[in-house]
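The chain contents come next:
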Amino acid sequence: MAEVILKPVSKFELTIEAEVITPDNFAGKNAQEIGKLLVWEGPQQLPISNFFEVKGNGGSSAQDTTIVIDGNVPRVKRIGEAMTAGRILVKGSTGMHVGAFMQGGEILVEGNSDSWPGMEMKGGLLHIKGNSLDHVGSAYRGSWKGMTGGRIAIDGNAGNQVGGGMSGGEIVIGGNVDNFCGTRINGGLIVVKGNAIRTVGAEMTGGTIVVGGRIGKFTPGFQQTATESNLKFNDIECPGEFKKFAGDYAIPQKGKGVLYVSAENNEDL
């Protein structure tokens, strides 16, 4: 597989919009041609070589192309947007919208992510080893449909509105989440191995949410239906005993989702 290395050479005084950083756009181009691709910095478009030293050539296809971003780029947005194949490795933290509208391939972020990672994602794997801010896999402003396919794995914590409007795919959070996790979810799977602050599954009409830790303030529109142990969703395992709820009955829609909550960490429910 061909490898292109982007080493930051700018202080990024303004954020840049870099949706051109995908294996799809780099495939079939040499380093000089890649360096001429344009990114947005405020109101102007500038060559990517103004911000990164470019080494290596793209492969014959997106599938044959790996992009390595060799450093922290928290002010670079939209890395891997709508990519269909190939691989991106970020050796640091990244900005907003990493993997937004992603359709295939793999993105690995070794640091943290700003908000909106995997926004309205359709396929592929987005793995963030650190923490993420808000709206993981969510619908964007003015849209009702969030993530529909693929998997987002975050080893650390995530912020508010994880999986907002989600209708397919999988989100696995290794740590804790803040408010409104799984709001308006109508399909797919969200697993939170740590705690959630409040309002998990609000307005949920389908899909499955699992919380392995404690929910600080439980959403009132849910009814317990059973108790189950050692849950398994393909290769995702959730050990322990879980209280199974259906909801959200606070809204009139007929479809209801499934919410599993750790029995050990939520004895008061």
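Every residue gets a number counted from 1 within its own chain, in the order that chain's sequence is written. Thresholds applied to this predicted model are a pLDDT of at least 70 for local features of residues and 80 or more for the giving and counting of side-chain atom pairs; totals over whole chains, interfaces and linings are not thresholded and use all residues. Only hydrogens and water are set aside when side-chain values are computed; all heavy atoms of the structure are taken into account.

Structural notes on the nonpolar core
Link 1 in the chain: Counting 55 residues, the largest nonpolar core has Leu6, Ile21 and Phe52 as its most contacted members.
Link 2 in the chain: The criterion used for residue contact is that any of the two residues' heavy atoms lie within 4.5 Å. Aside from chain neighbours lying at most four places away, what touches Phe52 is Leu6, Lys7, Pro8, Val9, Phe12, Ile16, Ile21, Ile69, Val73 and Val76.
Link 3 in the chain: In this structure, Val172, Val210, Phe233 and Phe242 belong to the second largest nonpolar core, which totals ten residues. What we call a nonpolar core is a set of buried Ala, Val, Leu, Ile, Met, Phe, Trp, Tyr and Cys residues that are connected through their side-chain atoms within 4.5 Å. Using a 1.4 Å probe on the protein chains alone, a residue whose accessible area is under 20% of its type maximum counts as buried, one over 50% counts as exposed, and one in between counts as partly exposed.

Thoughts on the UniProt feature "domain: Glutamate synthase alpha subunit C-terminal" (unreviewed entry) in the protein chain
Link 1 in the chain: UniProt positions are given in the numbering used here, feature names are shortened, and annotations may be inferred rather than shown by experiment. Per the UniProt record, "domain: Glutamate synthase alpha subunit C-terminal" (unreviewed entry) is annotated on residues 88-220.
Link 2 in the chain: Strands are runs of DSSP state E lasting at least 2 residues, helices are runs of H or I lasting at least 4, and numbering of each runs from the N terminus. End-to-end, the C-alpha atoms of residues 88-220 are 42 Å apart, and along that stretch the chain is 0% helix and 33% strand.

Describing the sheet that holds strand S17 (residues 215-217)
Link 1 in the chain: Read from one edge to the other, the open sheet built from three strands follows the order S13-S15-S17, with strand pairing classed as parallel. Two strands lie at the open edges of the sheet, namely strand S13 (177-179) and S17, each paired on one side alone. On average, each strand axis in the sheet is tilted by 10° relative to the strand beside it, whichever way the strands run.
Link 2 in the chain: Only strands joined by at least two bridges in the DSSP assignment are considered to pair. The pairing of strand S15 (residues 196-198) with S17 spans two bridges and is classified as parallel. Note on S17: the bridge partner recorded for Ala196 is Ile215. Between N-to-C directions, angles cover 0 to 180 degrees, with each direction set by a line fitted to C-alpha atoms, over the stretch in contact for helices.

Some thoughts on the side chain of Thr22
Link 1 in the chain: Along the chain, Thr22 falls in the loop between strand S2 (16-17) and helix H1 (23-26).
Link 2 in the chain: A relative accessible area of 2% places Thr22 in the buried class.
Link 3 in the chain: For the purposes of these results, a polar contact is taken to be a pair of N or O atoms within 3.5 Å, where, inside protein, one atom must be able to donate a hydrogen and its partner to accept one; residues adjacent in sequence count only when each atom of the pair is a side-chain atom. Side-chain polar atoms of Thr22 contact the backbone nitrogen of Asn25, separated by 3.1 Å.
Link 4 in the chain: Setting aside anything within four residues of it in sequence, one finds Thr22 in contact with Ile67, Gly80, Glu81, Met83 and Ile88.

So, the packing of aromatic side chains
Centre-to-centre distance and the angle between the planes together describe a pair of aromatic rings.
Link 1 in the chain: Only the six-membered ring of Trp is used, alongside the rings of Phe and Tyr, when aromatic pairs are assigned; centres must lie within 6.5 Å, and planes under 30 degrees apart are stacked while those over 60 apart are edge-to-face, with the rest tilted. Summed over the entire model, instances satisfying the criterion amount to six aromatic pairs.
Link 2 in the chain: Ring centres of Phe12 and Phe51 lie 6.0 Å apart, and the angle between their planes is 10°; on these two criteria the pair is classed as stacked. Of this pair, Phe12 sits in the loop between strand S1 (2-8) and S2 while Phe51 sits in the loop between strand S4 (44-47) and strand S5 (52-55); the two residues are 39 residues apart in sequence, bridging distant segments of the chain. For the pair Phe12 and Phe51, a shared accessibility class is recorded, and that class is buried.
Link 3 in the chain: Clustering of aromatic rings is evident, with ring pairs tying together Phe12, Phe51 and Phe52.

Focus on unusual backbone geometry
Link 1 in the chain: Cis rather than trans, the peptide bond between Gly247 and Asp248 has omega equal to 15°.
Link 2 in the chain: Checked against the element boundaries, Asp248 lands in the loop between strand S19 (236-247) and strand S20 (257-262).
Link 3 in the chain: One non-glycine residue with positive phi stands out, namely Arg78, at about 65°.
Link 4 in the chain: With respect to the helices and strands, the residue Arg78 is situated in the loop between strand S7 (76-77) and strand S8 (87-90).

Remarks on the pairing of strand S14 (residues 186-192)
Link 1 in the chain: The element S14 is largely enclosed, with a buried count of five among its seven residues.
Link 2 in the chain: Pairing of strand S12 (residues 167-173) with S14, which is carried by five bridges, proceeds in the parallel orientation. For Val172, the partnering residue across the bridge sits in S14 and is Val191.
Link 3 in the chain: One ladder, built from five bridges, connects S14 with strand S16 (residues 206-211); its direction is parallel. Across the sheet, residue Asn186 finds its bridge partner in S16, namely Gly206.

Some details on the sheet that holds S4
Link 1 in the chain: Spatial strand order, S4-S3-S2-S7: four strands in an open sheet with mixed pairing. What marks the edges here is a single partner per strand, and that holds for S4 and S7.
Link 2 in the chain: Pairing of S2 with strand S3 (residues 38-41), which is carried by two bridges, proceeds in the antiparallel orientation. For Glu17, the partnering residue across the bridge sits in S3 and is Trp40.

Thoughts on the pattern of salt bridges
Link 1 in the chain: Within this document, salt bridges are pairs made up of a side-chain nitrogen of Lys or Arg and a carboxyl oxygen of Asp or Glu, the two lying within 4 Å of each other. Within this structure, the stated rule accounts for twelve salt bridges.
Link 2 in the chain: Among the salt bridges present, the one from Arg78 reaches Glu17, with a minimum N-O distance of 3.2 Å. With Arg78 in the loop between S7 and S8 and Glu17 in strand S2, the pair connects residues that are 61 residues apart, well separated along the chain.
Link 3 in the chain: The class of Glu17 is partly exposed, set by a relative accessible area of 22%.
Link 4 in the chain: For the salt bridge of Arg214 with Asp268, the shortest nitrogen-to-oxygen distance reads 3.2 Å. With Arg214 in the loop between S16 and S17 and Asp268 in the segment after S20, this pair connects stretches of sequence that are 54 residues apart.
Link 5 in the chain: When salt bridges that share partners are traced, they join Glu17, Glu19, Lys77, Arg78 and Glu81 into one network.

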